Amino acid sequence: MAGIGFELKKILKRDTFLSEFKAYFYAALVSSGPWLMSVVCLGILGITKGTGLSYSEHEIFRSTIVYTYAFSLMYVGSIQLVVTRYLADQLYLENEKITLPTFFTCMVLVLGGGSVFSVLCYFPFKISLLHKFDGIILFLLVSMIWVCMIFLSVIKDFVSIVYAFAGGTLTSIFAAPYIGKLFGTEGYLMGYTLGQAVIFFWLLSKILIEFPVSGLWNKELFQYFRKYWDLIVIGFVYNLAIWSDKMVFWFAPDSRLIVPWFRTHDFYEGAVFFSYLTIVPALALFMVNIETNFYEHYRHYYGKIMGKQSLSSIRKEKNIMVSKLKDSLRMVFIFQGAITSVCLIFAPILVRMAHLIPVQIPIFRISLIGSFLQILLAMNIIILFYFDLRRHVMAVALLFLFSNVLFSMITTKLGVSFYGYGYAYACFVSLMLAFHLLDKSVNDLEYITFAKQPVH
């Protein structure tokens, strides 16, 4: 996240329990805010089973939300990494004035392309015209919230971000049933969309207030799209990989067609989504550690290289940096391992609390292990990005995509007892490749760093 380390350090400098809690909460919100709030919101609306709606109408509403988040994540993911890289480079150069023009440029790209994409996607669905219109608006709003997340890390008013997500989520929870009583499924979706609009416009207002207007268009950003085309591929492939197992199950023999082209899998989706919630604390812990402890030594290491320090001095700093990296990974491994173990033991109780059915307990358990492996995979990928090893990340993302599709297809043939194993094994093999590449790269870091330098 571009610039988040600066804000986390400021919060942690206060050295109180409350400041530490704020730092971890901030990291969790910035790293997982939109999908975390959407899962919470869907969970609460799911418990009420859509007041005033029939079961099939509520299923259409729920599938609209799931599809919107899946495809908006893949769509925005294709530009997200490039924009993050550009913003991080400019913030490092203390060129903060480009922030707002870059944001406006992203808005034009995302809203322009997203309008065409969402209209084409919704065209074949057998739902009302008003529902399609609601769905398109929701897709654009959620896509823009993803874009705001890139810029959120440099907003200094942390409390307003919390208010934005809390206010928007509460609006969705209360407005959906209320408007749903008046206009049925379309009204229900309208109420949910209203909450997402509150989040977006709240965040937009903070971005507009925080940064000076120095232009409306940033053509320099497009040079990064040409230069870092591999980040476009990585962003799309990795997000597609995350959703690929769900897509395979949408077309499994025991999947269900709600209305033409809305499909769902009753056993698989809910259990996997629920397991994702368990990795939020680990993600926050890793982000705080990596953006504060590790990043400080990362800058020292490259500072010594740029300052043409002696090889022994560079290697000494590298050892400290690697030590901090191992500490961060070990801490997350222990912390997340404990959370996953507790959830595995109490899985029947948790499944009942989430209003899932007993047959989903084994799927939830193996998904917990898969989520544990996925968060470790994400951490290895983030570290590879720090060392600018984009081709390595691309190899890992492609393996994750192909293995998740292949293994999930196999498990749909083997039956319900094997559901979730495809996702877990895909995470495992991808993690092994990522770990191997990271370990090899860290060992050869001096060679990789100097070999990348231009020859004059």
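Please read these numbers as outputs of a predicted model, since none were measured by experiment.

### Focus on the overall build of the protein chain
Point 1. Helix and strand counts for the protein chain come out as 16 helices and 2 strands.
Point 2. Summed over its atoms, the accessible surface of the protein chain is roughly 20500 Å², and 70% of this surface lies on carbon and sulfur atoms.

### Points about the layout of surface pockets
Point 1. Within this model, the second largest pocket holds a volume of roughly 390 Å³.
Point 2. Along its surface, the second largest pocket is lined by 15 residues, and Lys-326, Leu-329, Asn-380, Phe-435 and Leu-438 are the ones closest to its centre.
Point 3. Those elements that place two or more of their residues in the lining of the second largest pocket are helix H11 (311–345), helix H13 (361–386) and helix H15 (421–443).
Point 4. Per element, the largest residue contribution to the lining of the second largest pocket is 7 residues, and it comes from H15.

### Observations concerning the nonpolar core
Point 1. Phe-103, Phe-151, Trp-243, Phe-262, Phe-294 and Phe-387 are the most contacted members of the largest nonpolar core, which has 137 residues in total.
Point 2. Here the element with the most residues in this core is helix H3 (residues 55–92); it accounts for 17 residues.
Point 3. The next biggest cluster of nonpolar side chains, apart from the first, holds 6 residues, and it includes Ala-27, Ala-28, Met-287 and Val-288.

### Some remarks on helix H10 (residues 280–306)
Point 1. For H10, built from 27 residues, the straight-helix expectation of 39 Å at 1.5 Å per residue is met to within 8% by its first-to-last C-alpha distance of 36 Å.
Point 2. Along H10, the sharpest kink reaches roughly 40°, centred on Tyr-295.
Point 3. Positive backbone phi, approximately 55°, marks Lys-308, located one or two places after H10.

### Here's the deal with the pattern of salt bridges
Point 1. All told, the structure shown has 15 salt bridges when counted by the stated rule.
Point 2. Arg-62 is the partner of Glu-59 in a salt bridge, and the nearest nitrogen-oxygen pair spans 3.8 Å. Taken together, the residues Glu-59 and Arg-62, both in helix H3 and 3 residues apart, mark about one turn of the helix. One exposure class covers both Glu-59 and Arg-62, and it is buried.
Point 3. In this structure, the salt-bridge partner of Lys-246 is Asp-245, at a minimum N-O distance of 3.1 Å.
Point 4. Among the charged side chains, a salt-bridge network with shared partners connects Arg-85, Asp-89, Asp-230, Asp-388, Arg-390 and Arg-391.

Rules behind the numbers
Residues numbered from 1 in each chain as written. Predicted model: local features only at pLDDT ≥ 70, side-chain atom pairs only at ≥ 80, totals over all residues. Heavy atoms only, no water. Helix = DSSP H or I, 4+ residues; strand = E, 2+ residues; numbered from the N terminus. Areas by Shrake-Rupley, 256 points an atom, 1.4 Å probe, with all protein chains shown as cover. 1 Å grid on protein atoms, 1.4 Å probe; cavity = no way out; pocket = protein on both sides within 12 Å on 5 of 7 lines; lining within 4 Å. Points joined across faces, edges and corners; volume = space filled by probe spheres on them. Core = buried A, V, L, I, M, F, W, Y, C linked by side-chain atoms within 4.5 Å. Buried < 20%, exposed > 50% of the residue type's maximum accessible area, 1.4 Å probe, protein only. Expected span 1.5 Å × (residues − 1). Bend = angle between axes of the 7 residues up to and from the residue. Salt bridge = Lys/Arg side-chain N within 4 Å of Asp/Glu carboxyl O.

Read these as spatial facts, not as claims about activity.
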